[in-house]
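# Architecture at a glance
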Amino acid sequence: MSSPASVLSEMGSSSSVSSGSSRQRSGVISHDSDRVCDKPPGQYPEESMQQPKTDEANQPKVLDAKEVWIEVFNHLEMKLPEEEDYIKKRFRTEWHNIRIFVSSTFKDFKYEREVLVKQVFQDLRLWCQQRRLRLIDVDLRWGVPRDTNSEETLVICMEEIKKCRQENIMPYFINLTSARRGWVPNPDQIQPEVVKDYGLVYGLSVTEMEIVRGAFEKRNPNAIFLMRDDSFLDEMKKKKVLVSPDFIHSKLEERRKELDGLKELKLWIKKWFDVNQVETYKCHYKGGDKFPLFDFEPEDIFSKTVLDFFKKRISIQYPDDEYLPENDFLKTRIAHECFMEIKGQRVQGRDDILDKIMEYLDTNDACSPMLIVGEAGSGKSSLMALAVKKMKEKLEKTKENCHLFCHFVGALPSSTELTHMLCRLLVELEIVTETTLPSDHQTACPLVYGVLKNPETRPVIIMVDAINQIDQSMESEMVRWLPPKLAPRVRCIVSAISNSVQHQHLVQMEPKPVELHVKPLAKKDCEDIIRETLLEYNKRLSDEEMSTFLKKKAVTNPLWLSVACEELRVSGEFRKKVSKHKYEYLIPKKIKGDVLIRLRDESEKEIGQLIVSTLCLLEVSRSGLLEDELLSLLQKETFEDEKEKDDTSQEESLYERLPAQKWSIVERALRSFLRPFGTLGEGRIDFYHRSISKVVRKRFLGDRTEKQRTGKPNGKVMDYHKKLADYFWNSAIIYRKVEELPYHLTKLGDSQSLQRFLSEWETLEEMFDPELSTTLFRYWRESGDTTLEIMKTSYENHVEGLKNDVNTENPIFGQKLAKLAALILQSGDFSKALTLAKQSIVLENELKKDLGHVGRLINSYNIAAKACLQLARQFEIVCEDQLPHLYSCADYCRKAIDLFNDQSIDSVQRDTKVKLANQKYVLAYSLIMIDEIKGTYAPLHNGKLPKEESIEVIKEARQIFEELTDIGSVANAMRTEAMVYWRKAEVGEQLKLFEEARSLCRRTYGRYHWLSAAIEHNMGVAKEYHGKLKQAYSHYKESYLINFVVCGPTHKETMKEMGAMRSQDYKIYHKEKKLIKEAENQM
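Predicted model only: the values in this text are computed from it and were never measured.

## A short note on the pattern of salt bridges
- Across all of its chains, the model carries 47 salt bridges by this definition.
- E739 is the partner of R736 in a salt bridge, and the nearest nitrogen-oxygen pair spans 2.6 Å. Pair noted here: R736 and E739 are both in helix 30 (residues 734-748), with a separation of 3 residues, about one helical turn.
- Residue R736 is classed as buried on the basis of its relative accessible area of 0%.
- Across the pair E1038 and R1007 runs a salt bridge whose closest N-O atoms are separated by 2.8 Å. Here E1038, found in helix 44 (residues 1029-1046), pairs with R1007, found in the loop between helix 42 (987-1005) and helix 43 (1010-1025); they are 31 residues apart in sequence, far enough to count as distant.
- Under the relative-accessibility criterion, E1038 is labelled buried at 16%.

Right, dumping it as structure tokens:
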């Protein structure tokens, strides 16, 4: 690199300047003598420095190209800022802006600017966000008002560069140069005051003025120059394509002047800047007329050079090791705060809701949670983000001792996992450490529930956005971690889509939550958002353009508005089309659909198809896809298009993945529509908003139209179900296989394959639920096995085969035998379940006592006890024939409890305590039925009658459940306790307990749960016993409707309720056909 003096000397300057050393720069800030360049000797006084040279008539003198640049250097400020000033934000705590100014002539660099805005800056923006930096690319292709004159346009450009310098000390600057200099203003077009204010020189083009102010001044190390080799013009000429004057001046004299100016410009750039700041790239003409399409060569050199350069330069000013905490939960907290900063930037028209939120947070008394609901895309996330931001600022200002916990579902891959969210909350509240974390959501939910109710809990504000997007589970759908009444120093605000499962459950709480509805924006607020959004990138709409924008019906939806503004910013060219409906095409009615179509159509054919395939695969999948799954599926899509060309590659293609280079293009194009899934692809890829799902269905799958015409999904949808079914059939990840494969086989109506998959023991292991394997049973019924006989036979055959296999270890066989017994018990075949449980008990007693022996034996006793209890309950009337089953049940329970008592039950062994409490509950239930049959004539146990023992045992069980904050089990214990009071004199106490149990159950599990059905049945029996037949029938009916959904129409529990309603006592109430139809409509 040369000093200014040597450069001027080499170019024949007659100016008197000092010589300096010549040395190549490394790209980092240096304070060596050749980097701190003083102005040349004899520099102009401050007043005369800005004055242009004039001729004899006192008019600005027209200089030739060489003289212009000498004049430029006589005006330049050379000295760099000190390093401590430049890298002054090393330990910053707030977000900062990175403004990149894009400088070039316009029309001849249309394609490169598209690549920058739609690809390079998109990747760089994501990289910056991870470092708490906001990237703002200043691209003035459009947005300057149409009535702006030349001087005003120049001032806008200069002011933007000034803003870049103010934000970042040294502007981040990129210049694109080829065969055009751009517009050179005449002296009479630019006032001397403007020239003076910005240190400009007459004779420079506007683009060159940008270069001087943004790059040459202080030898900006953050500037990069990309020079396009103009040999592509020769290719166009050879192909007899008329070269547009946008690429080279059509008049020879003007072209000569332009070439002279460009020669000087490029020479100065190469002499003045480091080699790492100047890059030449080639491109080939590929087609087109006025705006030709280019192929860059070598591949991706353009994009990669720009991206790598700015990453390096930004890292110097803002080192990327500032926010690298070792604690994973702290990293997650920072990520959520970053998301909050991004989402809360621009919120208008929500002051009334914000006031109510702040008022709620300032309340001192114990209160209910707050629920914010609205339609998809109504701006709930932005509102929540702004509320968090305001509360954070308030707490910092007042220094209140209150912890603020925020969680935005979709902000990062782990954010959709309920367990991870609850564990993070418990760690931040110092309830647990990273070594004592709950292992799953069944454990975490009751623990958090108890913390939020505990009056001793430290002051905390909890804000969780989009709870309806948490991964599907009963705990997430029922929001089991959130109590209806919070501790005095606890505040909790959650948001959800209107009428989602979570919304419906929360509004049933008692006391009810404080509910706020997010309504559509007012037109004035929409206008403010549009102006602010575009103004950040120095873009403006005329009144006519703004009016057209605001006429759109969907403009009051913040999500639509956000997508529309971004689409307009990236792709808008208002002056491109003038017609009766001008500007209309820029803001289509279905903006998301049109954006997706644009992404497809603007890409190469293969990439466009991959974009469509990605959207369709995600839409048809049951719960999103892992990145590795999607890449394999997309590679199969590519292969299917090419397999006819090369049949030999078919086997190899089954194990290939889509190349990273292709996927990066697809992912970049769709990034704003997808939830983040991690740099390692560890999270599910799915749509960020479900409204996008509807667009994909309509635009690319045509599902709605086909359904309206035929009543069946169309062929495209079925094709994607088939592709996903084929893929997951061979998947080695069992939990993903279980999630997706039966769903797609069901959609395809492939009952044979579905039964084959469900028959695999590995499937049973994954889908088995200790309480009730509802999903497994539902898929078996959908496969045609309505009575579950095929299911039982297939699993029994598997276990029988293990019994005869000499290589099977006995403990493994015993475990599978017990699991089969539990499953058959759930299916309603109680006799067979008891037989299998007895076999398991015998086997365990014969085995050598290993570490797991006691646990397996307790489990087998528990299954046998439940089977005996269910056999006793199958009698339609209370009678002594039930007693053998009930005595056996009590005996198995006592044996299990004795084994528990022989063990050392540590206070942290939650699972052990739950099992013990459940065993006591079953024992109490059997004793209650014995008391109802025998009363005081029943045999004593340890000197106690069955009723006395049952009350004692059930209270012990209830106490354990309450200590563990297991609200659902507390409800079950209360139900059992209510059954103790079956005599007429005790009816008041019994009904009170039943009502409390039902309320807790609905709050915890919702309506469709076996416990809800059981409580309704018990209430029906109680009302029937006391002669209230109409009320009894309503309870039996409700129990039937719940069991119809949960257990199936042919399950014994369902049929038992139907049998009760068919009784002569209920003839006037029972309308069986109507009831069955009502039950079927629930499914």
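From this point, the discussion proceeds with the structure in view.
## Observations regarding the side chain of R424
- Checked against the element boundaries, R424 lands in helix 15 (residues 418-428).
- Judged by its relative accessible area of 0%, R424 falls in the buried class.
- A polar contact is formed between the side chain of R424 and the side chain of H407, at a distance of 3.1 Å.
- Non-local contacts of R424, meaning those with residues more than four positions away in its chain, are made with F329, T332, R333, H336, F405, C406 and H407.

## Remarks on the sheet that holds strand 7 (residues 370-374)
- With parallel pairing, the 5 strands of this open sheet are ordered in space as 8-9-10-7-11. Edge positions in the sheet fall to strand 8 (403-408) and strand 11 (514-517), since each has one partner strand and no second. Looking at each pair of strands side by side, their axes are set apart by 15 degrees on average, direction ignored.

## A word on the nonpolar core
- With 139 residues, the main nonpolar core has L596 and Y795 as its most contacted residues.
- Residue contributions to this core peak at 13 residues, all from helix 39 (residues 910-934).
- Every residue in contact with Y795, bar those within four places of it in the chain, is listed here: L758, S759, E760, W761, L764, L776, W780, L820 and L823.
- By size, the runner-up hydrophobic cluster in this structure holds 67 residues, among which are I353, F405, M463 and W481.

## Observations regarding the packing of helix 31 (residues 751-758) against helix 33 (residues 774-782)
- Their axes nearest at 9 Å, the elements helix 31 and helix 33 cross at an angle of 145 degrees. Crossing hand, helix 31 versus helix 33: left-handed. For the pair helix 31 and helix 33, the contacting residues are S751, L754, Q755 and L758 in the first and L776, Y779, W780 and E782 in the second.
- Considered class by class, the residues forming the contact of helix 31 with helix 33 number 5 nonpolar, 2 polar and 1 charged.

## Focus: unusual backbone geometry
- E510 connects to P511 through a cis peptide bond whose omega is 0 degrees.
- Looking at the secondary structure, you find P511 in the loop between helix 18 (501-506) and strand 11.
- Although it is not a glycine, N499 adopts a positive phi angle of roughly 65 degrees.
- Take N499: it is sitting in the loop between strand 10 (490-497) and helix 18.

## Topic: the side chain of T416
- Assignment of secondary structure puts T416 in the loop between strand 8 and helix 15.
- Judged by relative accessible area, T416 falls into the buried class, the value being 5%.
- The contact partners of T416, leaving out residues within four places of it in the chain, are V409, G410, Q469, I470, D471 and R675.

## A few points about the packing of aromatic side chains
- In this structure the tally under the stated criterion is 18 aromatic pairs.
- For the pair W780 and Y795, a centre-to-centre distance of 6.1 Å together with 90 degrees between the ring planes defines the contact as edge-to-face. With W780 in helix 33 and Y795 in helix 34 (residues 789-803), this pair connects stretches of sequence that are 15 residues apart.
- Of the residues examined, W780 reaches a relative accessible area of 0% and is grouped as buried.
- Every member of this aromatic cluster is reached through a ring pair, and the members are W69, F216, F225, W268 and F273.
- Here the guanidinium or amino end of R219 rests over the ring plane of W272, the centre of that ring lying 3.8 Å away.
- Seen from the ring of F109, R228 lies directly overhead, with NZ or CZ sitting 4.2 Å from the centre.

Here is what the cut-offs are and how they apply
- Residues numbered from 1 in each chain as written.
- Predicted model: local features only at pLDDT ≥ 70, side-chain atom pairs only at ≥ 80, totals over all residues.
- Heavy atoms only, no water.
- Salt bridge = Lys/Arg side-chain N within 4 Å of Asp/Glu carboxyl O.
- Helix = DSSP H or I, 4+ residues; strand = E, 2+ residues; numbered from the N terminus.
- Buried < 20%, exposed > 50% of the residue type's maximum accessible area, 1.4 Å probe, protein only.
- Polar contact = N/O pair within 3.5 Å; in protein donor to acceptor, adjacent residues only side chain to side chain.
- Contact = heavy atoms within 4.5 Å.
- Pairing = 2+ DSSP bridges.
- Axes fitted to C-alpha atoms, helices over the stretch in contact; angles between N-to-C directions.
- Core = buried A, V, L, I, M, F, W, Y, C linked by side-chain atoms within 4.5 Å.
- Left-handed = near helix turned anticlockwise from the far one by under 90°.
- Nonpolar A, V, L, I, M, F, W, Y, C, P; charged D, E, K, R; others polar.
- Phe/Tyr/Trp six-rings, centres within 6.5 Å; stacked < 30°, edge-to-face > 60°.
- Lys NZ or Arg CZ within 6 Å of the ring centre and 35° of its normal.

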